[in-house]
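Listed here are the chains, written in short residue letters.
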Amino acid sequence: AAATKSNGGRSGSIVAPLVENEEVQKIDVNPPKGTRDFAPEDMRLRNWLFNHFKEVSRLFGYEEVDYPVLETEALFIRKAGEEIRDQLYCFEDRGNRRVALRPELTPSLARLVIQKGKSVSLPLKWFAIGQCWRYERMTRGRRREHYQWNMDIIGVPHVTAEAELISAIVTFFKRIGITASDVGFKVSSRKVLQELLRKYGVPENLFGRVCIIIDKIEKIPIDEIKKELGSTGISEDAIEQLLQVLSVKSLDDLEDVLGGAGEAIADLKQLFSLAEKFGYSEWIQFDASVVRGLAYYTGIVFEGFDRKGNLRAICGGGRYDRLLPTYGGDDIPACGFGFGDAVIVELLKEKNLLPELGQEVENIVCALEKDLQGAAGTVATALRSKGQTVDLVLESKPLKWVFKRAARINARRLILVGKTEWEDGSVSVKVLSTGEQFQVKLNDLE
Ligand SMILES: OCc1cccc(Br)n1
């Protein structure tokens, strides 16, 4: 059997394979197609982003929740022809159960709210950051996983809930340097479609399916949209009028079409009024063509977009008042949004707003002689117990190597443990930015 070298061949030692006569295959060191590793520098950016997600959620008084990445497949089976359904990462487990890697977090939230039942008091304000999955043919080379930040309000039927959710996202954008000149929100209500379909006598049970078709309006040719709408049984005349209304760009024009008595206009007028009070009017605009691609939305829907139009939607959300009852839960209103971790990073790159996030360590501690390695451990422990970060040099290394490592990890101080000083209970300290050097008793080191 081909013997292999330990730790990638950096040492001279040859280590036999773990299992006798096992052929050692060099594994593919890349992560599975469509997935990402997060090496330290990537993880620093991810933590920076997630910390902003968490800080905004905390500022708004939301409680953090989490759910399994793996759910029963049935949780995501909806009949409306959604892309998220077509790309479900589902399989049969060893117990012959149909399961799926979650493509979104909202169904899990609904499941947990129903599970909690009367043991929780409404309204609930929950947030989560979770990895979501889709199985997309890699023809388009797109990702199969991303992390999504969700904030949801359960139990509030009023548009004040949607107004707060958009305020939270605006707060997030402002924290990372994104302005209303960079990003906006297209806002509409599915009640527009609902009122139109009623007007044309389209059965309610087609509502979700029609929304999913309309959501593809900018993704597939308009003739294909008309063909798909026609396949639901909607008349050609109704389709023409429907598409006409969806091109309306102002609330006043919409009111001319729908009349002023419907909920759609009332909700949207209230949302724009609240936006004024929350201080984010310049961030939002009415756009009747926004329907979002999830079947369960029932009211206000919104999506964050980059004004240059180079990127896909940054985030999106809306009201989903019927979701809990579809899972057998009580008739509890709900709304929320999802914010992915990938498009926002593309936007930050484009705006040159990516933060500089180097490694930072306060101290690098090094023994000057082999038999002082234990003493160096004592020094490291003393500093760490005071909350100081320490990179402890774990083997005998030349000082040149130590200084190079200190620079690489951006250490503020070098702490040297030498024989003479240690006999006196002291160590040598070198402040690396100034070159200042002094000796100090370990107990006085802070
Ligand atoms: O936004 C749709 C989606 C769902 C799961 C994973 C990825 Br990548 N994208």
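Residues numbered from 1 in each chain as written. Predicted model: local features only at pLDDT ≥ 70, side-chain atom pairs only at ≥ 80, totals over all residues. Heavy atoms only, no water.

1. Some points on the pairing of strand β7 (residues 124-133)
Rules: For each residue, the accessible area found with a 1.4 Å probe, counting protein chains only, is set against the maximum for its type, and the residue is called buried under 20%, exposed over 50%, and partly exposed in between. A run of H or I in DSSP becomes a helix once it reaches four residues, and a run of E becomes a strand once it reaches two; helices and strands are each numbered from the N terminus. Strands are treated as partners if at least two bridges between them are detected by DSSP.
Of all ten residues making up β7, nine are buried, and the element is well covered by its neighbours. Note that strand β3 (residues 63-64) and β7 share two bridges and pair parallel. Its bridge partner being in β7, glutamate 63 is matched across the sheet by tryptophan 126. Relative to strand β8 (residues 145-154), β7 is paired through ten bridges, and the arrangement is antiparallel. Along β8, the bridge assignment pairs cysteine 132 with histidine 146.

2. Thoughts on the layout of surface pockets
Under the convention used in this document: A 1.4 Å probe that fits into a set of points on a 1 Å grid over the protein atoms alone but cannot get out defines a cavity; an open set with protein on both sides within 12 Å along at least five of seven lines defines a pocket, and lining residues are those with an atom within 4 Å of a point. Grid points are joined across faces, edges and corners, and a volume is the space filled by probe spheres set on the points. Only Asp, Glu, Lys and Arg are considered charged in this grouping, and only Ala, Val, Leu, Ile, Met, Phe, Trp, Tyr, Cys and Pro are considered nonpolar; every other residue, Gly among them, is considered polar.
Its volume calculated, the second largest pocket comes out at about 560 Å³. Along its surface, the second largest pocket is lined by 24 residues, and Gly208, Ala295, Tyr296, Arg322 and Thr326 are the ones closest to its centre. Listing elements by their share of the lining of the second largest pocket, those giving two or more residues are α5 (190-199), α6 (207-214) and α11 (323-326). Broken down by element, the lining of the second largest pocket gets its largest block of residues, three residues, from α6. Residue classes in the lining of the second largest pocket are distributed as ten nonpolar, six polar and eight charged.

3. A closer look at the packing of helix α7 (residues 222-231) against helix α8 (residues 236-246)
What counts, and what does not: All axes are obtained by fitting lines to C-alpha atoms, using only the stretch in contact for helices, and the reported angles, taken between N-to-C directions, cover 0 to 180 degrees. Angles below 35 degrees are treated as roughly parallel, those above 145 as roughly antiparallel, those between 65 and 115 as roughly perpendicular, and all remaining angles as oblique. Helix crossings fall into two classes, left-handed where the near helix is turned counterclockwise from the far one by less than a right angle and right-handed where it is turned clockwise. For this analysis, residues touch if any pair of their heavy atoms sits within 4.5 Å.
One way to put it is that α7 packs onto α8 with a least axis distance of 10 Å and a crossing angle of 130 degrees. For the element pair α7 / α8, the angle class is oblique. Along this stretch, α7 crosses α8, giving a crossing that reads as right-handed. Together, Ile222, Ile225, Lys226, Leu229 and Gly230 of α7 and Ile239, Glu240, Leu242 and Leu243 of α8 make up the contact between the two elements.

4. Some remarks on the sheet that holds strand β6 (residues 98-101)
Strands in a sheet are paired, the pairing made by backbone hydrogen bonds, and the direction either parallel or antiparallel. The three strands lie next to each other as β4-β6-β5, forming an open sheet whose pairing is antiparallel. Each edge of the open sheet carries a strand with a single partner, namely β4 (70-72) and β5 (89-92). In this sheet, neighbouring strand axes are inclined to one another by 35 degrees on average, regardless of whether the strands run parallel or antiparallel. The pairing of β5 with β6 spans four bridges and is classified as antiparallel.

5. Notes on the nonpolar core
So the rule is basically this: Residues belong to one nonpolar core when they are buried, are Ala, Val, Leu, Ile, Met, Phe, Trp, Tyr or Cys, and are joined through side-chain atoms within 4.5 Å.
Ranked by size, the top nonpolar core spans 81 residues in total, and within it Phe173, Phe185, Phe339 and Ile344 carry the most contacts. Broken down by element, this core gets its largest block of residues, nine residues, from helix α4 (residues 160-175). When neighbours within four sequence positions are excluded, isoleucine 344 is seen to be in contact with Leu49, Phe172, Phe173, Ile176, Ile314 and Phe339. Core analysis: the second largest hydrophobic core is formed by 22 residues, Leu109, Leu124, Trp126 and Cys132 among them.

6. Side note on the site of the ligand
Just so we agree on the cut-off: Here a residue is considered near a molecule or strand provided that any single heavy atom belonging to it is located within 4 Å of it. Contacts described as polar in this section are N or O atom pairs within 3.5 Å, which, within protein, must combine one atom able to donate a hydrogen with one able to accept it, while residues neighboring in sequence count only if both atoms come from side chains. All accessible-area figures derive from a Shrake-Rupley calculation using a 1.4 Å probe, and residue coverage is judged against the displayed protein chains alone.
Taken together, Pro103, Cys132, Trp133, Arg134, Arg143, Arg144, Glu145 and His146 make up the full set of residues adjacent to the ligand. Arginine 134 is positioned such that a nitrogen or oxygen atom in its side chain is 3.4 Å from a nitrogen atom of the ligand. For the ligand, the accessible surface in isolation is 290 Å², of which the surrounding protein chains cover 80%. Elements represented by at least two residues in the shell around the ligand include exactly β7 and β8. Looking at the shell around the ligand, its residues break down into three nonpolar, one polar and four charged.

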